[in-house]
Amino acid sequence: MASKLLTRRDVAHCGILRPCDIVLSLAALVFFLPLMLIIAVAILLTGGPGPIFFAHRRIGYGGKYYNCLKFRSMARDADERLRHLLETCPEARLEWELNQKLRNDPRITPIGQFLRKTSLDELPQFWNVLVGDMSLVGPRPIIDAERRRYGRYFESYLQVKPGITGLWQISGRNDVSYRRRVAMDVAFARSLTPALYFKILFLTVPAVLLARGSS
């Protein structure tokens, strides 16, 4: 049964979905290029010293590591700020341990707050999709520290490419518990079809415009 599911998924992804990823990500990069240039200038002017883009090592398809791109939304001393907060604030430390996120993150710059709220910080990931590191639709890419959160379901995460959007994004993002997020990733990996791929893409538009779960 597992081999049949894997064969169906690989055929769907490589035969149909990969060309869709290429065409749509290339179109998105061209369409959003003027906006991305404006964002780059805004980061240089208001985001403090540092690079425009942030590349973070994530776990991809089959366990291969890659650099996931984002517009920089954090201060240059982000690691020091996080370490200080977790050492001095038990509530923040518990929130970080549960979700690997902070609702009031001291590392984020003012322009970064806006970029995250609107998901514009993720526009550079269309490049990740174009070169094959990611898909437009899939589980959100994770770091090594998050592997334990998946437990025995980690293999399901590895069977599909990480995505810019997915079930988590259209279901409330930060309003969804990490445990439920894992369940969504597993369900997606086990049931990926072109119909599901395009359904999630379609539902992503209102989710982003309404900023569901982005606070």
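Preceding this section is the structure that the text describes.
Conventions and cut-offs
Residues numbered from 1 in each chain as written. Predicted model: local features only at pLDDT ≥ 70, side-chain atom pairs only at ≥ 80, totals over all residues. Heavy atoms only, no water. Helix = DSSP H or I, 4+ residues; strand = E, 2+ residues; numbered from the N terminus. Buried < 20%, exposed > 50% of the residue type's maximum accessible area, 1.4 Å probe, protein only. Polar contact = N/O pair within 3.5 Å; in protein donor to acceptor, adjacent residues only side chain to side chain. Contact = heavy atoms within 4.5 Å. Axes fitted to C-alpha atoms, helices over the stretch in contact; angles between N-to-C directions. Parallel < 35°, antiparallel > 145°, perpendicular 65-115°, else oblique. Nonpolar A, V, L, I, M, F, W, Y, C, P; charged D, E, K, R; others polar. Core = buried A, V, L, I, M, F, W, Y, C linked by side-chain atoms within 4.5 Å. 1 Å grid on protein atoms, 1.4 Å probe; cavity = no way out; pocket = protein on both sides within 12 Å on 5 of 7 lines; lining within 4 Å. Points joined across faces, edges and corners; volume = space filled by probe spheres on them. Pairing = 2+ DSSP bridges. Phe/Tyr/Trp six-rings, centres within 6.5 Å; stacked < 30°, edge-to-face > 60°. Salt bridge = Lys/Arg side-chain N within 4 Å of Asp/Glu carboxyl O.

A. Region of interest: the side chain of Arg140. Its place among the elements puts Arg140 in the loop between strand E3 (135-137) and helix H6 (147-150). According to the relative accessible area criterion, Arg140 is buried, its value standing at 7%. Only 3.2 Å separates the side chain of Arg140 from the side chain of Gln125, close enough to count as a polar contact.

B. Representation of the side chain of Gln125. Secondary-structure assignment places Gln125 in helix H5 (residues 125-130). Residue Gln125 is classed as buried on the basis of its relative accessible area of 0%. A distance of 3.3 Å separates a polar atom in the side chain of Gln125 from the backbone oxygen of Leu69. Sequence-distant contacts of Gln125, that is, excluding residues within four places in its chain, are made with Cys68, Leu69, Lys70, Met134, Arg140 and Ile164.

C. Layout of the packing of helix H2 (residues 78-88) against helix H3 (residues 90-99). H3 packs onto H2 with a crossing angle of 115 degrees between their chain directions and a minimal axis gap of 5 Å. In terms of their interaxial angle, H2 and H3 are classed as roughly perpendicular. Two secondary-structure elements touch here, H2 through Leu82, Leu85, Leu86, Glu87 and Thr88 and H3 through Pro90, Ala92, Arg93 and Trp96. For the contact of H2 with H3, a count of residues per class yields six nonpolar, one polar and two charged.

D. Fine view of the nonpolar core. Of all hydrophobic cores here, the largest spans 29 residues; its most connected members are Ile39, Phe71, Leu115, Leu123, Phe126, Leu136 and Phe188. Listed by contribution, the elements that provide at least two residues to this core are helix H1 (2-46), strand E2 (65-71), helix H4 (110-118), H5, E3, helix H9 (178-191) and helix H10 (194-209). Considering each element in turn, this core owes the most residues, seven residues, to H1. If we ignore the near neighbours within four places in the chain, the residues touching Leu123 are Phe32, Leu35, Met36, Ile39 and Phe71. Grouped together as the second largest cluster of nonpolar side chains are nine residues, Ile142, Leu158, Tyr178 and Val186 included.

E. Up close: empty space enclosed by the protein. One pass over the full model with this rule turns up one cavity of 30 Å³ or more. Its boundaries defined by the atoms lining it, the largest cavity holds a volume of some 40 Å³. As for the largest cavity, its lining consists of Gly138, Pro139, Arg140, Gly166, Leu167, Trp168, Gln169, Met184, Asp185 and Phe188. Of all elements in the fold, only helix H8 (167-170) and H9 reach the threshold of two or more residues within the lining of the largest cavity. When the residues that make up the lining of the largest cavity are grouped by side-chain class, the tally is five nonpolar, three polar and two charged.

F. Up close: the pairing of E2. Counted residue by residue, E2 has five buried out of seven residues, so it is predominantly covered. The pairing of strand E1 (residues 53-59) with E2 spans seven bridges and is antiparallel. Note that in E2 the partner of Arg58 across the bridge is Tyr66. The hairpin turn running from E1 into E2, its antiparallel successor, is five residues long, and Gly62 in that turn takes a positive phi close to 70 degrees.

G. How the structure looks around the packing of aromatic side chains. Summed over all chains, the structure comprises seven aromatic pairs. Taken together, a centroid distance of 6.3 Å and an interplanar angle of 85 degrees make the contact between Tyr150 and Tyr178 edge-to-face. Taken together, the positions of Tyr150 in helix H6 and Tyr178 in helix H9 put the pair 28 residues apart, joining distant regions of the chain. Assessed through its relative accessible area of 5%, Tyr178 is described here as buried. Where Phe154 meets Tyr157, the ring centres are 6.0 Å apart and the plane angle is 15 degrees; that geometry is what we call stacked. Here the residue Phe154 and the residue Tyr157 both occupy positions in helix H7 (residues 154-158), the gap between them amounting to three residues, near one helical turn. Residue Tyr157 is classed as buried on the basis of its relative accessible area of 1%.

H. Expanded view of unusual backbone geometry. Residue Ser119 is not a glycine yet carries a positive backbone phi of 65 degrees. In this structure, Ser119 sits in the loop between H4 and H5.

I. Representation of the pattern of salt bridges within the structure. Evaluated as defined, the whole model comprises four salt bridges. The shortest N-O distance in the salt bridge between Arg57 and Asp144 comes to 3.2 Å. Remark: Asp144 occurs in the loop between E3 and H6 and Arg57 occurs in strand E1; sequence separation between them is 87 residues. The exposure class of Arg57 is partly exposed, given its relative accessible area of 48%.

Take it as geometry only, folks, not as evidence of what the structure does.
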